[in-house]
Amino acid sequence: MARVAILMGSPSDYDEMKPAEEVLARLAVETDVRVISAHRTPDRLVRFLAGAEDAGIELLICGAGGAAHLAGVTAAHTLLPVLGVPISSSPLSGLDSLLSTVQMPGGIPVATFGIGRSGAKNAGLFAAAILARRDPALRKRLEELRAEESARVPERP
Ligand code: RP5
């Protein structure tokens, strides 16, 4: 059963959002990956969020570019934690997406990550860290992943 939903505004966002999916797969956390746009498919978003908790979703990661309102609108429709990833698709290379996602007015929080692939990877890891608080087996896998990443760093260039 998927515990994390990964939403993105367009199929063109997938390349930048993939690291979230990949790192969660590596940690054996099931994801439900969807294309849902806050402005092109608003009904799809509302429908999905209405059933998300019952479907077992515990966290949502939302990636969008340009005037990026997907994470904010998602957060407005759910009490589940929302992690936002700004996508670099726009002529402003994602600075607009970053500001749109991070600058939520007080009251509806979106935890915002860096622009693009590393932001998506960190959002996936952050989601896993939250879930690991109550999942000792996942915590162990997260520890192993950290150890593997450390071991890959050479002592000399
Ligand atoms: C946003 O517009 C999407 O999140 C995407 O980053 C951007 C461009 O979408 P496409 O025109 O490539 O579908 O809503």
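This report concerns the structure included in the present document. Everything quoted here is computed from the prediction, not taken from an experiment.

Reading the values: the criteria
Residues numbered from 1 in each chain as written. Predicted model: local features only at pLDDT ≥ 70, side-chain atom pairs only at ≥ 80, totals over all residues. Heavy atoms only, no water. Core = buried A, V, L, I, M, F, W, Y, C linked by side-chain atoms within 4.5 Å. Buried < 20%, exposed > 50% of the residue type's maximum accessible area, 1.4 Å probe, protein only. Helix = DSSP H or I, 4+ residues; strand = E, 2+ residues; numbered from the N terminus. Contact = heavy atoms within 4.5 Å. Salt bridge = Lys/Arg side-chain N within 4 Å of Asp/Glu carboxyl O. Pairing = 2+ DSSP bridges. Right-handed = clockwise from strand over helix to strand, strands pointing away. Arc of directions from axis to C-beta. Near = heavy atom within 4 Å. Polar contact = N/O pair within 3.5 Å; in protein donor to acceptor, adjacent residues only side chain to side chain. Areas by Shrake-Rupley, 256 points an atom, 1.4 Å probe, with all protein chains shown as cover. Nonpolar A, V, L, I, M, F, W, Y, C, P; charged D, E, K, R; others polar.

### A short note on the nonpolar core
At step 1: Counting 24 residues, the largest nonpolar core has Val 4, Ile 6, Met 17, Leu 24 and Ile 61 as the members making the most contacts within it.
At step 2: Per-element accounting of this core gives the leading share, six residues, to helix α5 (residues 117-132).
At step 3: Once residues lying within four places of it in the same chain are set aside, the contact partners of Val 4 are Leu 24, Val 29, Glu 30, Thr 31, Asp 32, Ile 57, Leu 59, Ile 61, Ala 127 and Leu 131.
At step 4: In this structure, Phe 48, Ala 68, Val 82 and Val 110 belong to the second largest nonpolar core, which totals 20 residues.

### What to know about the pattern of salt bridges
At step 1: Scanning the entire structure with this criterion turns up ten salt bridges.
At step 2: Measuring nitrogen to oxygen at the nearest pair gives 3.4 Å for the salt bridge that ties Arg 139 to Glu 143. Placement of both Arg 139 and Glu 143 in helix α6 (residues 136-151) is noted, with a separation of four residues, approximately one turn of the helix.

### Here we look at the pairing of strand β2 (residues 31-35)
At step 1: One ladder, built from five bridges, connects strand β1 (residues 4-8) with β2; its direction is parallel. By the bridge assignment, Ile 6 is partnered in β2 with Val 33.
At step 2: Once the chain exits β1 it traverses helix α1 (residues 14-26) before rejoining the sheet at β2, and the crossover so formed is right-handed.

### A few points about the sheet that holds β2
At step 1: In spatial order, the strands read β2-β1-β3-β4-β5; together these five strands make up an open sheet with parallel pairing. With one partner strand each, in any of the chains shown, β2 and β5 (111-112) form the two edges of the open sheet.
At step 2: Bridge count between strand β3 (residues 59-65) and strand β4 (residues 82-87): six bridges; the pairing is parallel. Within the sheet, the bridge partner assigned to Ile 61 lies in β4 and is Leu 83.

### As for helix α4 (residues 95-102)
At step 1: For α4, the set of buried residues is Asp 96, Ser 97 and Thr 101. The buried residues of α4 occupy one face: seen down the axis, they fall within an arc of 125 degrees.
At step 2: Turning to α4, the residues buried within the fold contact β3, α3 (70-76), β4 and β5.

### Some remarks on the site of the ligand
At step 1: As a matter of local geometry, the ligand sits amid Gly 9, Ser 10, Ser 12, Asp 13, His 39, Arg 40, Ala 64, Gly 65 and Ser 89.
At step 2: At 2.7 Å, a side-chain N or O of Ser 10 approaches an oxygen atom of the ligand.
At step 3: One of the backbone N or O atoms of Gly 65 is found 3.1 Å from an oxygen atom in the ligand.
At step 4: In isolation the ligand exposes 360 Å². Once the protein is present, 70% of that is buried.
At step 5: Residue composition of the shell around the ligand, grouped by class: one nonpolar, six polar and two charged.

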